[in-house]
Amino acid sequence: MKKKWYEHSNRLDQIGWLLVVMVFVANIFIIFKGTRAFIHSDGATAILYAREQWEQKALYPQQWNYGTDIWNVGLNTIIIPLLKICSSWLTARAWAVVIQTVIALVVTALFQKVHVFEKRIWMVLLLLLLPVSEVVSEHFYFQATYMTMMIYLAAMILLSLLCISSRRGKRIVGYILLFGLLVFRVGTGYAMILVFSAPMMLSFFAAIVLELHKGSEKDISKIKKYVYVMAVIAIGTLLGMIYNGRLTERLNLNVSAVSNYEFIPYNEIGQSFLHMCSCFMRLFGAADKPCSLLSLGGINKCISFVYMIFMLGYVPVSLLRRFQKVLNEKQKLVFLFTLFSSFFVCYLFVISGMDHARYLLWVYYYSIINFGIWICKFRSFEYEYAKEIKVMVIGVYVMLVMGVYGYYLTYNYSINSDSLGVNNNSIDNQVDYDLIDYLEEKGYKRGYGLYWQTYSYMVASDGNLSMAAIDNEWKGPYKWLNSSKWYENTGEPCFVLVTKWQYEQMPEKYKEMCYKTEKFHEYKILLYHNTGEVQSLWES
């Protein structure tokens, strides 16, 4: 009689998979709770873009003002059908993030199919599900933008490994899929050149050098396969850059995000490096807003610090020391890739003076991948204190899981949002749902405001409010990731929504032009007879 799948697993694996299910269910709770509590204009854009794509039946909607990096297939694509099913836009967005999370788990689990992971895959998936910090929680589960980019990256790594398969048919499929995906991804932004194309080509080049170093034992057929993959990556990247040029010209864009970076002065490099270290602490949840050392949050930070040192220090050093003896062909390539890509990410972060921990999320994901490789090679490493290390790893692991979820699941988002540690913009600009009810009751449907309020209020009201952003200097439309048609002069009554401090900083002419000012909670609502009055205040 054939054994069932769970009979092949030991008790630890069975408990592990149960934990994955429990944590995933907890994640759904966090996604729904966090999406409603911390929706902001950055997070709202995916819904608004999806709506424009659906209405115009176009991948690149007309009149849409794209950002410096073009994005068109991602979270917004999942949202499109859900907008027709769900009761509210925010519910549609939350379910889209849940679906995207499932896709991320499946793509990451595929590393086991190509023999990069061999066992204990549940440990990898569990780490991927942990919102260990505000950076991870927002950009993987609230705003969820970097989760999309990570899925694309993981897919390209897997396709690169498919390209060196022993079967010719699989290799051809890998070449075609990798080539197409590269053209598409590089065509919509140059970030993948630094994060994927360059480091992956370097990884294959290093593998060729290592193979040639074997002397008479070198495998010529393996070297040829590596060369072919490098050629596919090079040509796909080049054509992607050409496609990007044509696309940006057609969409009236003249800049890529990469061109916004520049070298900072040499005397600021040291400070920038220390800032990167601080960002890693924040990324892993080891440092955030001040709290008591003996509080639940403080204990979590201490555990997270140990976790960070283990993932960023111990695991890669351990793999590097045993690189030649233990790692198989695909594990070597993936590990080399994570080292090269991490170097590029960290170098760019330091020399350009980046200031956000989210730019290091690539390295965070690489640390989880390398942990998966380390797990399946643990016994081969012949540690002198193997049992003690195993107990320590599992102990920290369990405390991390329980600590993080004990913190997030019992947290009162609405009362103590300033202590949760989510993005400051989310905290300062949380949607006031009572204000939405007030505006709808008054019949105020068309409005303007500064960026952080506008799109989040449009989405939170399920489109009942139509709001467009004015630039920070109040001189005119803030045309970035929105539609120009939102600024058309319709002649209908409109309002300008501002917070107290925004009201104090706005030009006097806005206050003089309005016929009435209303106050609701921390907001002021300036009323105008028609859209033309507001637009007449803008500089041409």
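It should be emphasised that the depicted structure is a prediction, and the values quoted were computed from it without experimental measurement.

Overview of the overall build of the protein
Counting its secondary structure elements, the protein contains 23 helices and seven strands. Burial status across the protein gives 56% buried among its 540 residues. Partitioning the contacts of the protein with sequence separation of at least 6, the portion at a separation of at least 24 is 73%. Here the protein displays about 25000 Å² of accessible surface, and carbon together with sulfur accounts for 60% of that area.

Considering the side chain of Thr45
With respect to the secondary-structure elements, Thr45 resides in helix α2 (residues 41–56). On the basis of relative accessible area, Thr45 is assigned to the buried category, the value being 2%. For Thr45, the contacting residues outside a window of four places in its chain are Trp64, Trp71, Tyr451 and Leu481.

Observations concerning the pattern of salt bridges
Pairing is possible between side chains that carry opposite charge, provided their charged atoms lie close to one another. Following the criterion strictly, the structure yields eight salt bridges and no others. A salt bridge links Glu492 to Arg446; the nearest nitrogen and oxygen atoms lie 3.2 Å apart. With Glu492 in the loop between β4 (482–483) and β5 (494–499) and Arg446 in strand β2 (residues 446–449), this residue pair connects regions lying 46 residues apart in the sequence. Classification of Glu492 as partly exposed rests on a relative accessible area of 32%. Residue classification places Arg446 among the buried positions, given a relative accessible area of 5%. Residue Glu473 pairs with Lys475 through a salt bridge whose shortest N-O separation is 3.3 Å. Look at Lys475 and you get partly exposed, because its relative accessible area is 36%. It is possible to trace a salt-bridge network through shared partners that takes in Glu52, Glu55 and Lys485.

Details of the pairing of strand β6 (residues 516–520)
Successive side chains on a regular strand alternate, one facing one side of the sheet and the next facing the other. As paired strands, β6 and strand β7 (residues 523–528) are joined by five bridges and run antiparallel to one another. Its bridge partner being in β7, Thr517 is matched across the sheet by Leu526.

A closer look at the environment of Phe305
Looking at the element boundaries, Phe305 is found in helix α12 (residues 296–321). The class of Phe305 is partly exposed, set by a relative accessible area of 36%. Those residues in contact with Phe305 that sit more than four places away from it in its chain are Met281 and Ala286.

Some words on helix α8 (residues 168–187)
Over its 20 residues, α8 extends 28 Å from the first C-alpha to the last, a length consistent with the 28 Å expected when each residue adds 1.5 Å. All of the buried residues in α8 are Arg171, Gly174, Tyr175, Leu178, Leu181, Leu182, Val183, Arg185, Val186 and Gly187. Within two residues after α8, Gly189 carries a phi angle of roughly 160°, on the positive side.

Overview of a nonpolar patch on the surface
A cluster of nonpolar side chains, Ile235, Leu238, Leu239, Met241 and Ile242, forms an exposed patch at the surface whose accessible area comes to about 430 Å². With respect to the helices and strands, the residue Ile235 is situated in helix α10 (residues 220–250).

Brief notes about unusual backbone geometry
Of note, the phi angle at Ala144 is positive, near 65°, even though the residue is not glycine. Following the sequence through the fold, Ala144 ends up in the loop between α6 (134–142) and α7 (145–162). With a relative accessible area of 1%, Ala144 lands in the buried category. One non-glycine residue, Asp462, lies in the positive phi region at around 60°. Of note, Asp462 is situated in the loop between α20 (451–460) and β3 (466–469). For Asp462, a relative accessible area of 29% corresponds to the partly exposed category.

Quick notes on the packing of aromatic side chains
Enumeration according to the criterion identifies 35 aromatic pairs in this entry. Taken together, the ring pairs in this structure connect Tyr49, Tyr60, Trp64, Tyr66, Tyr451, Trp452, Tyr455, Tyr478, Trp480 and Trp486 into an aromatic cluster. A cation over an aromatic ring shows up here: Lys511 above the ring of Tyr503, its NZ or CZ 4.4 Å from the ring centre.

Focus: the sheet that holds β5
Read across the open sheet, the five strands follow the order β3-β2-β5-β7-β6; overall the sheet is mixed. Strands with a single pairing partner mark the edges of an open sheet, and in this sheet they are β3 and β6. Looking at each pair of strands side by side, their axes are set apart by 25° on average, direction ignored. Relative to β7, β5 is paired through six bridges, and the arrangement is antiparallel.

A short note on the confidence of the model for the protein
Fine structural detail should not be taken from predicted coordinates in areas where pLDDT scores are low. Residues at a pLDDT of 70 or more form 85% of the protein, whose mean pLDDT is 84. The secondary-structure element of the protein with the lowest mean pLDDT is helix α17 (residues 417–420), recorded at 40, while helix α4 (residues 89–113) shows the highest, at 95. In the predicted structure, residues 1–8 sits below a pLDDT of 50 and forms two contacts with residues beyond four places in sequence or in another chain.

Comments concerning the packing of α4 against α6
Axis angle and axis distance: for two packed helices, these are the angle between their axes and the distance between the axes, and together they describe the pair. For the pair α4 and α6, the least separation of the axes is 9 Å and the interaxial angle reads 100°. One way to sum up the angle between α4 and α6 is to call them roughly perpendicular. Contact residues: α4 offers Arg93, Val97 and Thr101, while α6 offers Phe140, Tyr141 and Phe142. Tallied by class, residues from the contact of α4 with α6 come to four nonpolar, one polar and one charged.

Points about the side chain of Gln331
For Gln331, the position within the fold is in helix α14 (residues 329–351). Residue Gln331 is classed as buried on the basis of its relative accessible area of 0%. The contacts of Gln331, once residues within four sequence positions are left out, are His115, Val116, Glu118, Val326, Ile373, Cys376 and Lys377.

Describing the environment of Leu125
For Leu125, the location among the structural elements is in helix α5 (residues 121–129). As for Leu125 and Ile368, which are separated by 243 residues in sequence, their C-alpha atoms are 8.7 Å apart. Excluding residues that lie within four positions of it along the chain, Leu125 makes contacts with Trp17, Leu105, Thr108 and Ala109.

Overview of a negative patch on the surface
Taken together, the side chains of Asp434, Asp437, Glu440 and Glu441 define an acidic patch exposed on the protein surface. By the secondary structure assignment, Asp434 is in helix α19 (residues 433–442). The class of Asp434 is partly exposed, set by a relative accessible area of 44%.

Cut-off values and rules
Residues numbered from 1 in each chain as written. Predicted model: local features only at pLDDT ≥ 70, side-chain atom pairs only at ≥ 80, totals over all residues. Heavy atoms only, no water. Helix = DSSP H or I, 4+ residues; strand = E, 2+ residues; numbered from the N terminus. Buried < 20%, exposed > 50% of the residue type's maximum accessible area, 1.4 Å probe, protein only. Contact = heavy atoms within 4.5 Å. Areas by Shrake-Rupley, 256 points an atom, 1.4 Å probe, with all protein chains shown as cover. Salt bridge = Lys/Arg side-chain N within 4 Å of Asp/Glu carboxyl O. Pairing = 2+ DSSP bridges. Expected span 1.5 Å × (residues − 1). Patch = residues over 30% accessible without salt bridge, like charges linked within 9 Å, V, L, I, M, F, W, Y side chains within 5 Å. Phe/Tyr/Trp six-rings, centres within 6.5 Å; stacked < 30°, edge-to-face > 60°. Lys NZ or Arg CZ within 6 Å of the ring centre and 35° of its normal. Axes fitted to C-alpha atoms, helices over the stretch in contact; angles between N-to-C directions. pLDDT = per-residue confidence, 0-100. Parallel < 35°, antiparallel > 145°, perpendicular 65-115°, else oblique. Nonpolar A, V, L, I, M, F, W, Y, C, P; charged D, E, K, R; others polar. Lys, Arg positive; Asp, Glu negative; His and termini not counted. Charge placed at Lys NZ, Arg CZ, Asp CG, Glu CD.

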